[in-house]
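This is what each chain is made of:
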Amino acid sequence: MSEIKTIEQVKDGSVYGQIMQMGHEQLVFCHDEPTGLKALIAIHNTVLGPALGGTRLWHYSDEAAAVTDVLRLSRGMTFKAAISGLNIGGGKAVIIGNPKMKTEAFLRRFGRFIHSLGGRYITAEDVNFTTSDIEYIAMETPFVTGKPEIKGGGGDPSPVTAYGTYLGMKAAAKFAYGKDSLQGKRILVQGAGQVGTHLVSHLNREGAVVFLTDIFEDKLLSAAKTTGAQVIQPSDVYEFPMDIYAPCALGATLNDQTIPHLTCDIVAGAANNQLEEEGRHGHLLKDRGILYAPDFLINAGGLINVYTEYLGNYKREIAMKQTEAIYDTTTSVLLEAQEKALPIQDVANEIARKRIDQIAGVKLSY
Ligand code: NAD
């Protein structure tokens, strides 16, 4: 898979320039006037299997931002599936809009666009998508996972994502502090959403000192009340004295503006694409002595959950068991990065790339 460039190598900002440089196979623009649907489906790499990845609905500032997001997210799914040992490829969809647009017709129309790809792309939940939205999509296509448990599906993947993130954080703590207990550690969870709040519950059980932030004050106050976490304003995050920073909101929060201010020892969270520029910001964290648990490795629990559903006969115990491997994989990535004196993200990327290359070789003959 050597043709897949790092994001920094994408110099040409045109859509085709980005697709070619990041190594995508396909980008589909979907439009439906009656429902107002504007969706993008990106298939990054299908060497390991059909592309599986959730759909994100977001009020993007412009179309270029949506294109960049779907390309970065789908590429991340390729690496996430590969490093987690799953036999699926990387894909993702984004819808430009707001949650109020999600009528039955809107979602079913989107389902028909997914169906038109004949199974090359399988969707699931991401930001602003719920299991009931998935049910509408499932009325139009079988190429969908994350259905409600009551309908034989895997249900909301976010508790599994939070569990894997928690285990990845513990593996990072063991590496940084010599033991994996999070007791007494000051941990800031950014994003009081589905994953963030489940993560706070795990951290509470360990006796960590948990701080929580969100851009929506009502959501933040209600989550803080339920979990007992202490409230932090979103603008105070990057200079806040903390041991562990857990980004669980949107991506690119590790950048030139934030990294120089961080006081933490570890970054370990569930948000996708936390590094604004993979190579450069991975290096910057390393230079600052901050241990970074790669997002696509430790947030793979949700993908493992929907993959388990995709295989059939879903049982949450199977998904949870497979998610537990995140602890050992994180440990081995951290060890390899230390031995090679390389940024952790680069090492994780290389492990994923290697598996894809090797399996591509396996498939050469029948
Ligand atoms: P969510 O929409 O339920 O929660 C995200 C929260 O972040 C929202 O409450 C939002 O208001 C808040 N937020 C947005 N920008 C913020 C900012 N700048 N500062 C503080 N808060 C902010 O989404 P989720 O399902 O919990 O997912 C969280 C992240 O984890 C996303 O990046 C998602 O892609 C990633 N992820 C989720 C899963 C999953 O199973 N849900 C799996 C893998 C990765």
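None of these values were measured; they are calculated from a predicted model.

Things to note about the pairing of strand β1 (residues 26-32)
Point 1. Summarising the sheet, β1 and strand β2 (residues 37-45) pair through 7 bridges and their orientation is antiparallel. Following the sheet pairing, Asp32 is matched in β2 by Leu37.
Point 2. Linking β1 to β2, which pair antiparallel, is a turn of 4 residues; within it Gly36 sits at a positive phi near 80°.

Overview of the domain arrangement of the protein chain
Point 1. Under the domain assignment, the protein chain is made up of domain 1 (7-80 + 89-144) and domain 2 (158-300 + 328-352).
Point 2. For domain 1 versus domain 2, the separation of C-alpha centres amounts to 26 Å.
Point 3. Taken together, the 14 residues of domain 1 in the interface contact 15 residues of domain 2.
Point 4. Counting the contacts that link domain 1 with domain 2 gives 1 salt bridge.
Point 5. Glu278 is the salt-bridge partner of Arg75, the closest N and O atoms lying 3.3 Å from each other.
Point 6. Along the contact surface separating domain 1 from domain 2 lie 6 residue pairs in polar contact (both at pLDDT 80 or more).
Point 7. Counting only elements with at least two residues in the side of domain 1 that touches domain 2, the list comes to β4 (55-58) and α2 (63-83).

Some words on the site of the ligand
Point 1. Around the ligand, the surrounding shell holds 23 residues, and the nearest of these are Arg56, Thr161, Asp214, Lys219 and Ala249.
Point 2. Summarising the interface, the protein chains cover 89% of the accessible area of the ligand, which totals 820 Å² for the free molecule.
Point 3. For the shell around the ligand, the elements supplying multiple residues, two or more each, are α5 (158-177) and α6 (194-205).
Point 4. Considered class by class, the residues forming the shell around the ligand number 10 nonpolar, 8 polar and 5 charged.

Let's talk about the side chain of Ser158
Point 1. Assignment of secondary structure puts Ser158 in helix α5.
Point 2. The class of Ser158 is buried, set by a relative accessible area of 5%.
Point 3. Polar contacts involving the side chain of Ser158 include one to the side chain of Asp156, which spans 2.8 Å.
Point 4. Excluding anything up to four places from it in sequence, Ser158 contacts Gln194, Val195 and His198.

Some remarks on the packing of α5 against helix α11 (residues 316-323)
Geometry of a packed helix pair, given as the angle between the helix axes and the separation of the axes.
Point 1. Relative orientation of the contacting elements α5 and α11 amounts to 25°, with a least axis distance of 9 Å. The pairing of α5 with α11 is recorded here as roughly parallel in orientation. For the pair α5 and α11, the sense of crossing is right-handed. Contacts between α5 and α11 involve Pro159, Val160, Tyr163, Gly164 and Leu167 from the first element and Arg316, Ala319, Met320 and Thr323 from the second.
Point 2. The residue makeup of the contact of α5 with α11, split by class, is 6 nonpolar, 2 polar and 1 charged.

What counts, and at which threshold
Sequence order sets the numbering: in each chain, residues are counted from 1 along the sequence as written. Where totals are concerned, whole chains, interfaces and linings use all residues; where local detail is concerned, this predicted model gives features only for residues with pLDDT of at least 70, and gives and counts side-chain atom pairs only at 80 or more. For the side-chain quantities, the full set of heavy atoms in the structure was used; hydrogens and water were omitted. For two strands to be treated as a pair, DSSP must find at least two bridges joining them. Each helix is a run of DSSP H or I of at least 4 residues and each strand a run of E of at least 2, with the numbering of both proceeding from the N terminus. For every domain, the bounds stem from an assignment made automatically or drawn from a database. Contact definition: two residues touch when any of their heavy atoms are within 4.5 Å. Salt bridges are defined as contacts in which a side-chain nitrogen from Lys or Arg sits within 4 Å of a carboxyl oxygen from Asp or Glu. As used in this structure description, the phrase polar contact means that two N or O atoms lie within 3.5 Å; if the pair is within protein, one of them must be able to donate a hydrogen and the other to accept it, and residues adjacent in sequence are counted only when both atoms belong to side chains. Being near a molecule or strand, for a residue, means having at least one of its heavy atoms within 4 Å of it. Here the Shrake-Rupley method, with its probe set to 1.4 Å, supplies the accessible areas, and only the displayed protein chains count as covering residues. Each residue gets one of three labels, nonpolar for Ala, Val, Leu, Ile, Met, Phe, Trp, Tyr, Cys and Pro, charged for Asp, Glu, Lys and Arg, and polar for the others, Gly among them. Exposure categories follow from relative accessible area, calculated using a 1.4 Å probe and restricted to protein chains: below 20% of the type maximum is buried, above 50% is exposed, and the middle band is partly exposed. Lines fitted to C-alpha atoms define the axes, with helix axes restricted to the stretch in contact, and inter-axis angles between N-to-C directions lie between 0 and 180 degrees. The cut-offs work like this: below 35 degrees is roughly parallel, past 145 is roughly antiparallel, 65 to 115 is roughly perpendicular, and the gaps in between are oblique. In this scheme the crossing of two helices becomes right-handed for a clockwise turn of the near helix relative to the far one and left-handed for an anticlockwise turn of less than a right angle.

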